[in-house]
Each structure stands twice: as C-alpha cells, then as structure tokens.
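Chains, contacts and geometry: an overview
Next come the chains, spelled out residue by residue.
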Amino acid sequence: DENGSVAEASPALIAVSVGHERTTLAISNGRICEFARVLEWGGTNIGSALARAMKVTPTEAEELKHGLSLVSGVESIEGVTADRAKEAIGAVRYELQNLVRELLSSLRFYQSQQGSLSIGEILLAGGTSTIPGIADELGRELGIPVRLADPFTRVDLGEGVQRPEHAGALAIAVGLGVED
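Please read these numbers as outputs of a predicted model, since none were measured by experiment.

What counts, and at which threshold
Residues numbered from 1 in each chain as written. Predicted model: local features only at pLDDT ≥ 70, side-chain atom pairs only at ≥ 80, totals over all residues. Heavy atoms only, no water. Helix = DSSP H or I, 4+ residues; strand = E, 2+ residues; numbered from the N terminus. Buried < 20%, exposed > 50% of the residue type's maximum accessible area, 1.4 Å probe, protein only. Contact = heavy atoms within 4.5 Å. Areas by Shrake-Rupley, 256 points an atom, 1.4 Å probe, with all protein chains shown as cover. Core = buried A, V, L, I, M, F, W, Y, C linked by side-chain atoms within 4.5 Å. Phe/Tyr/Trp six-rings, centres within 6.5 Å; stacked < 30°, edge-to-face > 60°. Lys NZ or Arg CZ within 6 Å of the ring centre and 35° of its normal.

**Quick notes on the overall build of the protein**
Scanning the protein from terminus to terminus reveals 5 helices and 7 strands. Along the protein, helices and strands appear, N-terminal first, in the series β-β-β-α-α-β-β-α-β-α-β-α. Here the protein holds 180 residues, and 37% of them are scored as buried. For the protein, contacts bridging at least 24 residues in sequence account for 51% of all contacts bridging at least 6. Total accessible area on the protein stands at roughly 10900 Å², and carbon and sulfur atoms take up 50% of it.

This is the structure we're talking about:
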C-alpha cells in the first residue's frame, strides 16, 4: 500500500474431495486454481481396512462403512458390537494416516512454491466425506481445520426441492452447474 507495508493475502481456498478410488486436492486463490493433485487414495481404502480388520468380504465391508462413525467419543459401526468395532475403527484410523501423509506432502510442496498462499482451512467433499466425524479426524491429524463443504451455499433450491442429506457428496456435480 502507499505506506510501504505489504498487504496480507487471503488464505488459500483448499478443497479435498475424497471419492471412491481417488482424492482430489485443489488449492485456489478464490478465482484461479493454483495447484491440484490427484491422490490414489479413496473410500475403497477404508472399505479394505474394514474388510481386513473384521475378516469380511469387500462387499460386506462396504456395507459396514455406511454405518461407520468416527465421531470422537462415540465411535461405532452400526450393527457391530463395541468390542468388535473398536479394532475395526483402529484399522480405519491407521488407513486414514496414508491419506494424511499424502495431503501433508502435497500441502508442503505447494507451500514451498514462491507466491504460495497461507493455509487457513480445508473444505472436505466427496462421497467419503459423509462418514460422520471424518472431517474432525482429518483436522486433528493434519493440524489444520477441516470442515464439510456445502456445495449449496450459492444455490437457490426451487420450490419443493429438498436439500440432499449428504450434500458434500455432490460438490463436484453442483460446482459444475454453478455459473458465476
């Protein structure tokens, strides 16, 4: 500015979409995507961890994943005893460490680039974001606030149209339909 001080840039907008087989990390200045990376890690990794820990088929594990909760203090898997769920949730948390490492590596790489923006928070989207407690779990592990993305923030729903329960799973589809 005119006093010679440098204006502080706004933090980067960071979106992480965890899909079935891949995770997409996108970092934006609010107008332009400055950095993107596709990680070979998705919700199937959680299903595989559940299958191994519970000694069930991948198909059964995918069903169990839909009843998984990582909410701190009330971790559970619907229809599974607490003792049996405890070991499986430990396996899921262990598997999430792989995603955390990949995200941290990508964020460090971005931050090493000249002109990179500071990191404020991460918006979490994708089908796997519907697991209760996953945003808080990732935030704790990353040391960065993580919150669920709301793709309907800038969308006016028509009369009689109800907001979907798991809106974060629709972030990419809704984003492609939003005009600026």
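**Some words on the nonpolar core**
Among the nonpolar cores identified, the biggest contains 41 residues, and Ile46, Ile77, Leu96, Leu138 and Leu142 are the most heavily contacted of them. If you tally residues by element for this core, the top one is helix α3 (residues 82-112), at 11 residues. In contact with Ile77, other than residues within four places in its own chain, are Leu50, Met54, Leu64, Gly67, Leu68, Ala85, Ala88 and Ile89.

**A closer look at the side chain of Glu95**
Structurally, Glu95 is set in helix α3. Ignoring anything within four residues of it in the chain, the contact list for Glu95 reads Trp41, Asn45, Ile46, Ala49 and Arg52.

**Details of the packing of aromatic side chains**
Following the criterion strictly, the structure yields 2 aromatic pairs and no others. Measuring from centroid to centroid gives 5.9 Å for Phe35 and Phe109, while their planes differ by 40 degrees, and the two rings are tilted. A residue pair is termed long-range when its members are at least 10 positions apart, and Phe35 in strand β3 (residues 33-39) and Phe109 in helix α3 qualify at 74 residues. Plain terms: the ring middles of Phe35 and Tyr110 are 5.8 Å apart, the flat faces sit at 50 degrees to each other, and that makes the pair tilted. Pair noted here: Phe35 is in strand β3 and Tyr110 is in helix α3, with a separation of 75 residues, a long-range link. An identical accessibility class is assigned to Phe35 and Tyr110; each is buried. Every member of this aromatic cluster is reached through a ring pair, and the members are Phe35, Phe109 and Tyr110. The ring centre of Phe109 lies 5.2 Å from the NZ or CZ of Arg37, which sits over that ring.

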